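Structural features, examined
What follows is each chain in one-letter form.
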Amino acid sequence: MIELLLVDDEPYVTESLARTIPWAEIGVKQVHQAASGAEALQIMEQQAIDIMVTDISMPGMTGLQLIEAVGEQWPNIRSILLTGYSDFQYAKKAIQLQAFDYILKPVSDDEFIKSVSGAIESLKDEWEAHDRYHLLLYNRKADYSVLRANLMHELLLGRVLSERTLAIKLKEYEISFQPDAEAAMLLIQLGKHYAAMDHHSVSLMEYAIGNIAEELFKEQFRVWFCKAPHDCLILLVELKPEVQQELEQMANYEAARQQVLKAVIVNFQISVSNYLKGEISLIVTEWFTFPEGMTAAYRSGLSSMYLAAHDESSSVLFLDDRQHQETMSIKSLECLYRPPTLIHLLESKQWDTARQKIADVFRDMENARFSSEHLYEVFLSITNAFMYIAHKSGQFISKIDQYALDPLLTQSIIVSFDKLKEWAFDMLDKLQKELSESDQNTKSYIIKQVHELVGNHSGHELSVKTIADHVYLHPVYLSKIYKAETGEGLGDYIIRMRMERALYLLKNTNKKIYEITSELGYQNPQYFSKMFKKHYHMTPNEFRDG
């Protein structure tokens, strides 16, 4: 909304305008009043004035002098002159001072509103143009960020560019690195604090970390920051020429250079901790020639990142410190492979024991020194077990969870203890639910097949064994499933259905007893009569005669 200032040495003029003009309707939020040029300037120091309407003839400072002073200090304010003088010299001077409009007294409300509305439209046009300009700048920077990251990825992954192509890209993307100069690479990993955040929040944190890095390193280094192709952030640094020249004057240049880098890194970690309330760990490569040495440095840093012992607190590993790699111990995750294995537990549907097995693996990891490579080992082992049992049940694991093997998700899982643990238990729950439902559906389908076979029987010998052969199950297992699902033994069901069929035939047909016996699959009429009497407490002849 617009704020407007009325200036006139005759207060009744400003008071009349303030009360009679429908300010809100034309978009003015607040109207201020001043009786002199000095008072007007004082108000402008305290308020965000957008439009000034001033009389020309005032004691002390004239309206033209006031417009000139305002134009020098607040060039975006729209100034409108209000006067009873129609002398062209005033109008000419007002034009020179870039006044927006010139209104003669006595003032017509319509003319006044038209002039102020014009000034408001002019301001809005200027603001919109300003917003468009800054949006273009923002988009340009955003595009540059993507282009810089793509170029970084190409160089990290080993693409060789000609000197001319590289020089053109560095210039176009406003990257100040100099080919053949020495650079160092920092691989940055986010700590435990960030693991619970969603993807959008993590992206914001990574952006903030990049801003902090660029702000702190820029005094002594040229800086190039982006998200790495793998799950970390990359900060490439190159000494500024003037800093390098200063360090080269010292007795031990390399040691001095490393000391400067270490000092900024310490400040970097402290700043991230203070502002973002989370820790970061860093792998710092040896110095290399840019860009030829980038790929080797990246691979070396990435390998060390995966091999480095898991440590939730902030840490820095300099790869020229070989002592760390020589003294680091590697332990096998014995619990992961100790019988019964996870595959065997899942295969036998021992869900609670499988859940305890996974809990034991992560408990042992927490109590021991482990690396990112160990996390990957656990991920592969558990994934293998999950995929085996899913495929054995006739399903793809991606059907159980569409994100189960998502490459982006996998990258974040295999470097985070908490995310890997959460993923393992979540997938186990989904697997149990899906396969339990699948088992239930399978059993329901088997029962349906049994009922269809018994109902459609056309005189062939029918028994538990023949039905089991039809559904490709062992007779004992089939009987167990049927009893569990229906509460009735399969043999009892077959007999009951035969007897109900016999009852129907005796009642509704004139077939002989021996004919009914044969149709129901019985070989002996006497045995059939015995079974019928046991079921209905009378013989077939007694039922028909009765």
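Fair warning: this is a prediction, and the values are worked out from it, not measured in the lab.

1. As for the overall build of the protein chain
Secondary structure assignment for the protein chain yields 25 helices and 11 strands. In the protein chain, buried positions account for 40% of the 546 residues. Summarising the internal contacts of the protein chain: among those between residues at least 6 apart in sequence, 68% fall at separations of at least 24. Accessible surface, the protein chain: about 30700 Å² in total, of which carbon and sulfur atoms supply 51%.

2. Some thoughts on the sheet that holds strand S4 (residues 78-83)
Judged by pairing direction, the sheet is parallel, and its five strands sit side by side in the order S2-S1-S3-S4-S5 without closing on themselves. Edge positions in the sheet fall to strand S2 (28-34) and strand S5 (101-104), since each has one partner strand and no second. If you compare each strand with its neighbour and ignore which way they point, the axes differ by 20 degrees on average. Across the face of the sheet, helix H1 (residues 11-20) comes into contact with strand S1 (2-7), S2 and S4 while running at roughly 170 degrees to S2. Across the face of the sheet, helix H3 (residues 37-46) comes into contact with S1, S2 and strand S3 (51-55) while running at roughly 140 degrees to S2.

3. Describing the environment of isoleucine 113
Inspection of the secondary structure puts isoleucine 113 in helix H6 (residues 109-156). On the basis of relative accessible area, isoleucine 113 is assigned to the partly exposed category, the value being 21%. Along the chain, isoleucine 113 and proline 22 lie 91 residues apart, while their C-alpha atoms are 8.7 Å from each other.

4. What to know about the nonpolar core
Core analysis: the biggest nonpolar cluster contains 34 residues, and Leu346 and Phe386 have the highest contact counts within it. Sorting the residues of this core by element identifies helix H13 (334-337), helix H14 (342-347), helix H15 (351-366), helix H16 (372-392), helix H17 (397-400) and helix H19 (417-455) as the ones contributing at least two each. Not counting residues up to four positions away in its chain, the partners in contact with leucine 346 are Trp351, Ala354, Ala385, Phe386, Ile389, Leu428 and Leu431. Counting 32 residues, the second-largest nonpolar core is a separate cluster that includes Phe217, Ile265, Leu276 and Phe318.

5. Details of the packing of aromatic side chains
Under the definition given, this model contains 16 aromatic pairs. Ring centres of tyrosine 522 and phenylalanine 528 lie 5.8 Å apart, and the angle between their planes is 40 degrees; on these two criteria the pair is classed as tilted. We classify phenylalanine 528 as buried; its relative accessible area is 0%. When the ring of phenylalanine 528 is compared with that of phenylalanine 532, the centres are 6.1 Å apart and the planes differ by 55 degrees; the resulting orientation is tilted. Placement of the pair is phenylalanine 528 and phenylalanine 532 together in helix H24 (residues 525-536), with a separation of four residues, close to one helical turn. Joined through ring pairs, the aromatic side chains of Tyr522, Tyr527, Phe528, Phe532, Tyr536 and Phe543 make up one cluster.

6. What about a negative patch on the surface?
The grouping of Glu121, Asp125, Glu128 and Asp131 at the surface amounts to a negative patch. Position of glutamate 121 relative to the elements: it lies in helix H6.

7. Re the environment of tyrosine 376
Within the fold, tyrosine 376 resides in helix H16. For the pair formed by tyrosine 376 and threonine 410, sequence separation is 34 residues and the distance between their alpha carbons is 9.7 Å.

8. Structural notes on the side chain of glutamate 238
Relative to the elements of secondary structure, glutamate 238 occurs in strand S8 (residues 233-239). The class for glutamate 238 is buried, based on a relative accessible area of 1%. In this view, glutamate 238 contacts Ser176, Phe177, Gln178, Ala181, Glu182, Ala183, Gln220, Phe221, Arg222 and Phe290; residues no more than four positions away in its chain are not counted.

9. Focus: the confidence of the model for the protein chain
Here the protein chain averages 84 in pLDDT, and 88% of its residues register 70 or above. When mean pLDDT is taken per element in the protein chain, S8 scores highest with 96 and helix H12 (residues 322-327) scores lowest with 45.

10. Some thoughts on the state of the cysteines
Here, the word disulfide means a covalent bond between the sulfur atoms of two cysteines. Under the criterion given, the structure shown has zero disulfides. Note on cysteine 226: no disulfide assigned, nearest cysteine sulfur contributed by cysteine 232 at a separation of 9.1 Å.

11. What about the pattern of salt bridges?
Inspection of the entire model under this criterion finds 19 salt bridges. A salt bridge links glutamate 182 to arginine 257, with the nearest nitrogen and oxygen atoms 2.4 Å apart. Remark: arginine 257 occurs in helix H10 (residues 253-276) and glutamate 182 occurs in strand S6 (residues 182-190); sequence separation between them is 75 residues. According to the relative accessible area criterion, arginine 257 is buried, its value standing at 5%. The partner of glutamate 500 in a salt bridge is arginine 496, with the nearest N and O atoms 3.3 Å apart. Pair noted here: glutamate 500 and arginine 496 are both in helix H22 (residues 490-508), with a separation of four residues, about one helical turn. Assessed through its relative accessible area of 27%, arginine 496 is described here as partly exposed.

12. With respect to unusual backbone geometry
Note: most peptide bonds trans; most residues except glycine with negative phi. Phenylalanine 290 connects to proline 291 through a cis peptide bond whose omega is 0 degrees. Inspection of the secondary structure puts proline 291 in the loop between strand S10 (288-289) and helix H11 (294-307). One non-glycine residue, glutamate 174, adopts positive backbone phi at about 60 degrees. Mapped onto the elements of the fold, glutamate 174 is located in the loop between helix H7 (163-172) and S6. Glutamate 174 sits in the partly exposed class, given a relative accessible area of 47%. The phi torsion at lysine 277 lies on the positive side, around 60 degrees, for a residue other than glycine.

Criteria and cut-off values
- Residues numbered from 1 in each chain as written.
- Predicted model: local features only at pLDDT ≥ 70, side-chain atom pairs only at ≥ 80, totals over all residues.
- Heavy atoms only, no water.
- Helix = DSSP H or I, 4+ residues; strand = E, 2+ residues; numbered from the N terminus.
- Buried < 20%, exposed > 50% of the residue type's maximum accessible area, 1.4 Å probe, protein only.
- Contact = heavy atoms within 4.5 Å.
- Areas by Shrake-Rupley, 256 points an atom, 1.4 Å probe, with all protein chains shown as cover.
- Pairing = 2+ DSSP bridges.
- Axes fitted to C-alpha atoms, helices over the stretch in contact; angles between N-to-C directions.
- Core = buried A, V, L, I, M, F, W, Y, C linked by side-chain atoms within 4.5 Å.
- Phe/Tyr/Trp six-rings, centres within 6.5 Å; stacked < 30°, edge-to-face > 60°.
- Patch = residues over 30% accessible without salt bridge, like charges linked within 9 Å, V, L, I, M, F, W, Y side chains within 5 Å.
- Salt bridge = Lys/Arg side-chain N within 4 Å of Asp/Glu carboxyl O.
- Lys, Arg positive; Asp, Glu negative; His and termini not counted.
- Charge placed at Lys NZ, Arg CZ, Asp CG, Glu CD.
- pLDDT = per-residue confidence, 0-100.
- Disulfide = S-S within 2.5 Å.

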